[in-house]
Amino acid sequence: MSTLTEAASTSTDEVLTVRNLQKSFGRVQALREASLTLPRGKVTALIGDNGAGKSTLVRCLVGVQPPDAGEVRLNGEPVRFTNPEQGRSAGIETVFQELALVEDLSVAQNLFLGREITRGFGPLKFLDRRKMRKEAHDMVSQLAINVPQVTSRVRRLSGGQRQAVALARAAGWSSSVVILDEPTAALGVQETQRVEQLIRSLREKGMTILLISHNFEQVLRLSDQVVVMRAGRTVARRDTSDTNGQELVALVTGAQQDSDDNEEPDPALLPEPEER
Amino acid sequence: MATTQAAPAATPSADDSRRKLSELPWPELASTLGLIALAVIFAIANPGYLSEGNVSAILQAAAILIVLTIGQTFVVATGGIDLSVASTMTLGAIVLGEFYALGWNIWLAALAGLVAATLVGVVNGLVISKGGITDFIVTLGTLSAASGLALIIADGKKTTVIEPSLIKLSVNGIWLFSWAVIIALGLAVIAHVVLFHTRFGVHVLAIGGSAESSRSLGIRVWMVKTGVYVISAALAGVAALLVVARVGAAEPAANTAFLLNSVAAVVLGGVSLFGGRATIAAPVMGAILLTALVNGLTRVGLSEFYQPLTVGVVVVLAAFLTRFNR
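Residues numbered from 1 in each chain as written. Chains lettered and ligands numbered in written order. Predicted model: local features only at pLDDT ≥ 70, side-chain atom pairs only at ≥ 80, totals over all residues. Heavy atoms only, no water.

### Brief notes about the overall build of chain A
Stage number 1. Looking only at helices and strands, one finds 9 helices and 12 strands in chain A.
Stage number 2. Here chain A holds 276 residues, and 53% of them are scored as buried.
Stage number 3. Summing over all exposed atoms, chain A offers an accessible surface of approximately 12400 Å²; the carbon and sulfur share of this is 46%. (Helix = DSSP H or I, 4+ residues; strand = E, 2+ residues; numbered from the N terminus. Buried < 20%, exposed > 50% of the residue type's maximum accessible area, 1.4 Å probe, protein only. Areas by Shrake-Rupley, 256 points an atom, 1.4 Å probe, with all protein chains shown as cover.)

### Let's talk about the overall build of chain B
Stage number 1. A tally of helices and strands in chain B yields 14 helices and 4 strands.
Stage number 2. Pairs at least 24 residues apart make up 77% of the contacts formed inside chain B by residues separated by at least 6 positions.
Stage number 3. A total accessible area of about 14500 Å² is found for chain B, and carbon and sulfur atoms account for 70% of it. (Contact = heavy atoms within 4.5 Å.)

### Remarks on helix H4 (residues 85-101) of chain B
All names here are of chain B.
Stage number 1. Between its first and last C-alpha atoms H4 spans 24 Å; for 17 residues at 1.5 Å apiece the expected length is 24 Å, and the two agree.
Stage number 2. Burial runs high along H4: 14 of the 17 residues are buried.
Stage number 3. Within two residues after H4, Gly-103 carries a phi angle of roughly 100°, on the positive side. (Expected span 1.5 Å × (residues − 1).)

### As for the packing of aromatic side chains
All names here are of chain B.
Stage number 1. Under the criterion given, the structure shown has 3 aromatic pairs over all chains.
Stage number 2. Between the aromatic rings of Phe-99 and Trp-104, the centroid separation amounts to 4.3 Å while the plane-to-plane angle is 45°, which identifies the pairing as tilted.
Stage number 3. Judged by its relative accessible area of 26%, Phe-99 falls in the partly exposed class.
Stage number 4. Seen in terms of ring centroids, Trp-175 and Phe-177 are 6.1 Å apart; in terms of plane orientation they differ by 70°. Their pairing is edge-to-face.
Stage number 5. It is Lys-130 that lies over the ring of Trp-222; its NZ or CZ is 4.1 Å from the centre. (Phe/Tyr/Trp six-rings, centres within 6.5 Å; stacked < 30°, edge-to-face > 60°. Lys NZ or Arg CZ within 6 Å of the ring centre and 35° of its normal.)

### A few points about the packing of helix H5 (residues 106-129) of chain B against helix H6 (residues 135-154) of chain B
Residue and element names in this part refer to chain B.
Stage number 1. Between H5 and H6, the shortest axis-to-axis distance is 9 Å and the interhelical angle comes to 150°. With respect to H6, the element H5 is oriented roughly antiparallel. H6 is crossed by H5, and the crossing has right-handed handedness. Every residue of H6 that contacts H5 at Val-120, Val-123, Asn-124, Val-127 and Ile-128 is listed here: Asp-135, Val-138, Thr-139 and Thr-142.
Stage number 2. Residue composition of the contact of H5 with H6, grouped by class: 5 nonpolar, 3 polar and 1 charged. (Axes fitted to C-alpha atoms, helices over the stretch in contact; angles between N-to-C directions. Parallel < 35°, antiparallel > 145°, perpendicular 65-115°, else oblique. Left-handed = near helix turned anticlockwise from the far one by under 90°. Nonpolar A, V, L, I, M, F, W, Y, C, P; charged D, E, K, R; others polar.)

### Things to note about the packing of helix H3 (residues 52-77) of chain B against helix H11 (residues 221-247) of chain B
Residues and elements named next belong to chain B.
Stage number 1. Look at H3 against H11: their axes get within 7 Å of each other, and the N-to-C directions meet at 170°. Viewed along their axes, H3 and H11 adopt a mutual orientation that is roughly antiparallel. Of the residues in H11, those touching H3 at Gln-60, Ala-61, Ala-63, Ile-64, Val-67, Leu-68, Ile-70, Gly-71, Gln-72, Phe-74 and Val-75 are Val-228, Tyr-229, Ile-231, Ser-232, Leu-235, Ala-236, Val-238, Ala-239, Leu-242, Val-243 and Arg-246.
Stage number 2. Of the residues belonging to the contact of H3 with H11, the class tally is 17 nonpolar, 4 polar and 1 charged.

### Notes on the pattern of salt bridges
Residues and elements named next belong to chain A.
Stage number 1. Summed over the entire model, instances satisfying the criterion amount to 21 salt bridges over all chains.
Stage number 2. Among the salt bridges present, the one from Asp-128 reaches Arg-119, with a minimum N-O distance of 3.7 Å.
Stage number 3. Under the relative-accessibility criterion, Arg-119 is labelled partly exposed at 48%.
Stage number 4. A salt bridge links Asp-224 to Arg-203, with the shortest nitrogen-to-oxygen separation between them at 2.8 Å. (Salt bridge = Lys/Arg side-chain N within 4 Å of Asp/Glu carboxyl O.)

### Quick notes on helix H13 (residues 281-299) of chain B
For an α-helix, 3.6 residues make a turn, and residues three or four places apart therefore share a direction.
Stage number 1. The first and last C-alpha atoms of H13 of chain B sit 26 Å apart over 19 residues, in line with the 27 Å expected at 1.5 Å per residue.
Stage number 2. Burial runs high along H13 of chain B: 14 of the 19 residues are buried.

### Remarks on the interface of chain B and chain A
Stage number 1. Of the residues lining the interface, 28 residues belong to chain B; the matching set on chain A comes to 31 residues.
Stage number 2. Summing the contributions of chain B and of chain A, the shared interface buries around 2600 Å²; its carbon and sulfur component is 58%.
Stage number 3. Scanning the region where chain B abuts chain A turns up 2 salt bridges.
Stage number 4. As a salt-bridge pair, Glu-116 of chain A and Arg-199 of chain B come within 2.9 Å of each other at their nearest N and O atoms.
Stage number 5. On the surface where chain B and chain A come into contact, there are 8 residue pairs in polar contact (both at pLDDT 80 or more).
Stage number 6. With 6 residues, the single largest contributor to the side of chain B that touches chain A is helix H9 (residues 199-209) of chain B.
Stage number 7. Residue composition of the side of chain B that touches chain A, grouped by class: 9 nonpolar, 12 polar and 7 charged. (Buried area = accessible area lost by both parts, 1.4 Å probe. Polar contact = N/O pair within 3.5 Å; in protein donor to acceptor, adjacent residues only side chain to side chain.)

### Quick look at unusual backbone geometry
All names here are of chain A.
Stage number 1. Although it is not a glycine, Asn-20 adopts a positive phi angle of roughly 55°.
Stage number 2. Here Asn-20 lies in strand S1 (residues 14-25).
Stage number 3. Residue Asn-20 is classed as partly exposed on the basis of its relative accessible area, which comes to 36%.
Stage number 4. If you check the backbone angles, Asn-75 has positive phi at about 50° while not being a glycine.
Stage number 5. Note on placement: Asn-75 falls in the loop between strand S4 (69-74) and strand S5 (77-79).
Stage number 6. Residue class for Asn-75 comes out partly exposed when judged on its relative accessible area of 33%.

### Focus on the pairing of strand S11 (residues 225-230) of chain A
Residue and element names in this part refer to chain A.
Stage number 1. For S11, the tally of buried residues reaches 6 of 6 residues, placing the bulk of the element in the interior.
Stage number 2. Burial of the side chains of S11 extends over both faces: Gln-225, Val-227 and Met-229 are buried on one face and Val-226, Val-228 and Arg-230 on the other.
Stage number 3. Note: strand S3 (residues 43-48) against S11, 5 bridges, orientation parallel. In the strand pairing of S11, Ala-45 is matched with Val-226.
Stage number 4. Here 6 bridges tie S11 to strand S12 (residues 233-239), and the two strands are oriented antiparallel to one another. Opposite Met-229, over in S12, you have Thr-234 as the bridge partner. (Pairing = 2+ DSSP bridges.)

### Regarding a nonpolar patch on the surface
Residues and elements named next belong to chain B.
Stage number 1. On the surface, a nonpolar cluster with roughly 930 Å² of combined accessible area is contributed by Leu-102, Trp-104, Leu-108, Leu-111, Val-115, Leu-119, Val-122, Leu-126, Trp-222 and Met-223.
Stage number 2. Of all the secondary structure elements, the ones that give two or more residues to the nonpolar patch are H5 and H11.
Stage number 3. Looking at the element boundaries, Leu-119 is found in helix H5. (Patch = residues over 30% accessible without salt bridge, like charges linked within 9 Å, V, L, I, M, F, W, Y side chains within 5 Å.)

In structure tokens:
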């Protein structure tokens, strides 16, 4: 994997490059050394056990928690986000595991949250609700399965519809990277299929996607490359076409060590800090 | 709900209308329906209850509570609570009285009271949002601090404020509505626009719904949180003017009833105490309902000792209604 990151850290074909990212919470080293590269227009899957540091990595990438050390390059430019607003405006959209939508707001309000369209000037700026509703409808119906009414509260939507709204929000902006944190973790079989279809259609539109998932089958179905994390490190990278479920399981558990990474005894056997 | 557009157009049936009925926002309607029920009951018990004079008196008595309730609604909509509203109002009134006693123009004195009150809100907001201390504790602290400050400034004594233009506020007006009531309702209209037609308003509700998601979307949670406490305190500053106009003096009184009733009106208005769901009209109706209730009880000759008990029962009943209708 080191060869890959070094080969093209400045190439514009790599939307996002992360090198040696580190993050500690007090004495707990949640991220020891995380490096990965997202090729443009591809789906990169990030897998690892609970507590391997996947969510922390994502949080560092998007600015929810600034990393302690390491480098993040977006389209070749070094970036450092200290809050999620910066990450968003630079073009990194995230669909988080649980905190995706605000239940008591409408679909349209959720889609435009933090980016509301206003009219008027100076201190007298009012929401252009009609325009937001219309655009929200367009955004959702591009992706959606059974299109929810954009005025209905998210609370009334099914799990699949919610995820569709969250994905539409992430994809609807001119974003460089869409990060999906366990997009189907809470869904049933049918809804999972639909959301996977959504992710495929995002890829077909040329989106660069980082998919965090526990589901190896899903990773094999959806991704172009797989990056494996273990105990706060990115320990392996595979092209999806060259790997299989067994190998991924072995890499995640540490039963199989990547040839590049054997300086340390199996860190997966160490007690794991709980991820926040 | 979501797919109704595509559903075959069913003939309106009993089932359909029942579904429509269950989709009505009952928590938000409760205070209005309650007010109507109350008006009917008291009008039967006491024919003078709905007379022009009495309705006008009820509204006049409700004006201060309406103003405080609007502020409380913003705070509760973010999932917080402002226990200091009434003491902040008292502090504002005292500052107004002191400057008036110094010979200031009454409106300038009122502005000074407004500024003093707003400062309490700035402290509340910053300590809660930046200091990360629970709203309940912070505003409990400023509740005590603001009323203490009022006592110190006033030296425990009241300042009489006899000012014709101030008296007009309560006496003159249009039809049933005194100027004080018109101010209160005007503020309610502005508040409604702010809550539903500005980015700030959406962010207030978003933070109340989920502060974490809002933060992850780049909303500056601390600014919005500070904002709602400042709004609440500034409105307490306006209420200070109304209370001085009503009493004819600035008194360092505790005014605890205003605090309890402002929270009660918010609950009656179907605002979720966990935040994220709020309207302005319903809590305002709640404030009028509480005032109309007390007025009615007095008119039918029930001892005033029964009033707090009745108010308490009504509020808890309203909270039940909210709970069963999410």
